[in-house]
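Report on the structure
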Amino acid sequence: MKTAEDRGQKTEDSGFVTAARQPLNESAAKPLNALSSVLCPLSSGLRGTLRHDVDMRRHVSWRAGGRVERMYQPADLDDLVSFLQALPADEPLLAVGLGSNLLVRDGGLRGTVLLLHGALGELRIEANGSVSPQGGGRGCEATEVATTTLYAQAGVPGAKLARFAALHDLSGAEFFAGIPGTVGGMLAMNAGCYGSETWDMTTRVQVLDRHGVLHERTAADYAIGYRRVALHKGQEEFFVGAWFRFSAGNGNASREAIKTLLNKRIASQPLNLPNAGSVFRNPPDDYAARLIESCGLKGRQVGGAQVSPKHANFIVNVGNATAADIENLINEVQAAVEKRTGIRLHPEVRIVGEAV
């Protein structure tokens, strides 16, 4: 599972998209308060925050797109369990972390977004393995172990996971600092960069099914590939946590590696403008950015969306881009590269919702 650089998530969540693409203005559509009896925290005993008619531009890194009928931010994992147990089985759901690889079409989407960033943020260390004579990590009185497991919930950002591991003198988590997402999204698409991938470090995961039942699974339960993770059974589940195994290392060296990685990102990627990271997956034995640049597409613009002059596999919002601007530019780049090279690039970003 080794790749050269991070390339984002899968294109769409098919279970959500089917319902989300129903036009929001249909007379037969459910009114926004149709589920109030089970979605209202005051009446159901839920402790999270429920909002209606939410502008998703504030929750996706592209800062573009439509609205969602409802958004629920749970208070914690127990609250999320209760929420799903109370929810009608046919309610469309979409779990969102930082929204760093998500585009919501301008017509919006029906159903409920589960906002996990800022909610599922537990991060802890669990010592295990053989004892090493070097002594404990910073802030730890116990002796250091040869291998250590960290538990992180789905809303923990990759950069926080990397820094936490370095704080405890662990090696192997540094690459997470280069992934602009949270643990849930990284698990869902096997995110990676600079030669490492999320599932290389994952020992087991914690998932929540559509009925609010928690399960633990291992890699054997999934078909895992390059920026792709699929449950063999095919049922709807959400990643809510994971256990990662790292080896004993040197915290100072890890922090220096993180600093070097972040400096490399700053130098090579257009981080000063709203973007969703790399838009296309790398084709076998090549790079999407090289192919796009070879077609003379750097700087190509549709409305407020532009192929970044700094990194050809980034599409940036240079000012009030609509979701349609971004999607049309994605399609244009895809068609131009295929016409010139015969290679069809596949988007990694998830595109959901209804076009205007």
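All of the points below concern the structure found in this document.

Thresholds, definitions, all that
Residues numbered from 1 in each chain as written. Predicted model: local features only at pLDDT ≥ 70, side-chain atom pairs only at ≥ 80, totals over all residues. Heavy atoms only, no water. 1 Å grid on protein atoms, 1.4 Å probe; cavity = no way out; pocket = protein on both sides within 12 Å on 5 of 7 lines; lining within 4 Å. Points joined across faces, edges and corners; volume = space filled by probe spheres on them. Nonpolar A, V, L, I, M, F, W, Y, C, P; charged D, E, K, R; others polar. Axes fitted to C-alpha atoms, helices over the stretch in contact; angles between N-to-C directions. Helix = DSSP H or I, 4+ residues; strand = E, 2+ residues; numbered from the N terminus. Parallel < 35°, antiparallel > 145°, perpendicular 65-115°, else oblique. Contact = heavy atoms within 4.5 Å. Phe/Tyr/Trp six-rings, centres within 6.5 Å; stacked < 30°, edge-to-face > 60°. Lys NZ or Arg CZ within 6 Å of the ring centre and 35° of its normal. Expected span 1.5 Å × (residues − 1). Buried < 20%, exposed > 50% of the residue type's maximum accessible area, 1.4 Å probe, protein only. Arc of directions from axis to C-beta. Polar contact = N/O pair within 3.5 Å; in protein donor to acceptor, adjacent residues only side chain to side chain. Pairing = 2+ DSSP bridges.

1. Considerations on empty space enclosed by the protein
Under the defined criterion, the tally for this structure stands at 1 cavity of 30 Å³ or more. Together, Val279, Phe280, Ile292, Val307, Ala312, Asn313, Phe314, Ile315 and Val333 line the largest cavity. Looking at the lining of the largest cavity, its residues break down into 8 nonpolar, 1 polar and no charged.

2. Examining the packing of helix H5 (residues 158-167) against helix H7 (residues 251-268)
At a minimum axis separation of 8 Å, H5 and H7 run at an interaxial angle of 155°. It follows from the interaxial angle that H5 and H7 lie roughly antiparallel. Counting all contacts with H5, which are made through Ala162, Arg163, Ala166 and Leu167, the residues of H7 involved are Gly251, Ser254, Arg255 and Ile258.

3. Digging into the packing of aromatic side chains
Aromatic ring pairs: the centre-centre distance and the angle between the two ring planes describe each pair. What the rule picks out here adds up to 9 aromatic pairs. Through successive ring pairs, a cluster of aromatic residues spans Phe175, Phe176, Phe244 and Phe246. The residue whose ring lies beneath Arg204 is Trp243, and the NZ or CZ to ring-centre distance is 3.8 Å.

4. Some words on H7
Along its 18 residues, H7 runs 26 Å from first to last C-alpha, staying within 8% of the 26 Å computed at 1.5 Å per residue. Of all the positions in H7, only Gly251, Ser254, Ile258, Leu261 and Arg265 are classed as buried. Taken end-on, H7 shows its buried residues confined to a sector of 85°, consistent with a single buried face. Opposite its buried face, H7 presents the exposed residues Thr260, Ile266 and Ala267, each directed more than 90 degrees away. Of the surrounding elements, those touching the buried residues of H7 are H5, strand S8 (170-171) and strand S9 (192-193). For H7, the capping residue at the N-terminal end is Asn250, with a side-chain oxygen 2.9 Å from the backbone nitrogen of Asn252.

5. A closer look at the sheet that holds strand S17 (residues 305-307)
As a general point, the strands of a sheet are linked pairwise by backbone hydrogen bonds and lie either parallel or antiparallel. Strand order in the open sheet formed by 3 strands is S16-S17-S18, with antiparallel pairing between adjacent strands. With partners counted over all chains shown, the strands left at the sheet margins are strand S16 (301-302) and strand S18 (315-317), one partner each. Alignment of S17 against S18, held across 3 bridges, turns out to be antiparallel. If you follow Gln306 over to S18, its bridge partner there is Val316. Where helix H9 (residues 323-341) meets the sheet, its contacts fall on S16, S17 and S18, and the angle it forms with S17 comes to roughly 30°.

6. Quick notes on the sheet that holds strand S3 (residues 93-96)
One open sheet holds the 4 strands; their spatial order is S1-S2-S5-S3, and the pairing between them is mixed. Of all the strands in the sheet, the pair left with one neighbour each is strand S1 (49-55) and S3. Each adjacent strand pair in this sheet contributes to an overall mean axis angle of 30°, direction not counted.

7. Re the pairing of strand S13 (residues 222-225)
Across 4 bridges, the pairing between S13 and strand S14 (residues 228-231) is antiparallel. Paired with Tyr222 across the strands is Leu231, a residue of S14. As consecutive antiparallel partners, S13 and S14 are separated by 2 residues, and within that stretch Arg227 has a phi angle of approximately 55°, a positive value.

8. Quick word on the pairing of strand S15 (residues 237-248)
With 9 of 12 residues buried, S15 lies mostly within the body of the structure. Inspection of the sheet shows S8 paired to S15 by 2 bridges, in the antiparallel sense. Counterpart to Leu170 in the pairing with S15 is Ala248. As paired elements, strand S11 (residues 202-209) and S15 share 7 bridges and run antiparallel to each other. What sits directly across from Gln206, in S15, is Gly241.

So, to be careful, I would describe these as geometric facts and stop short of saying anything about function.
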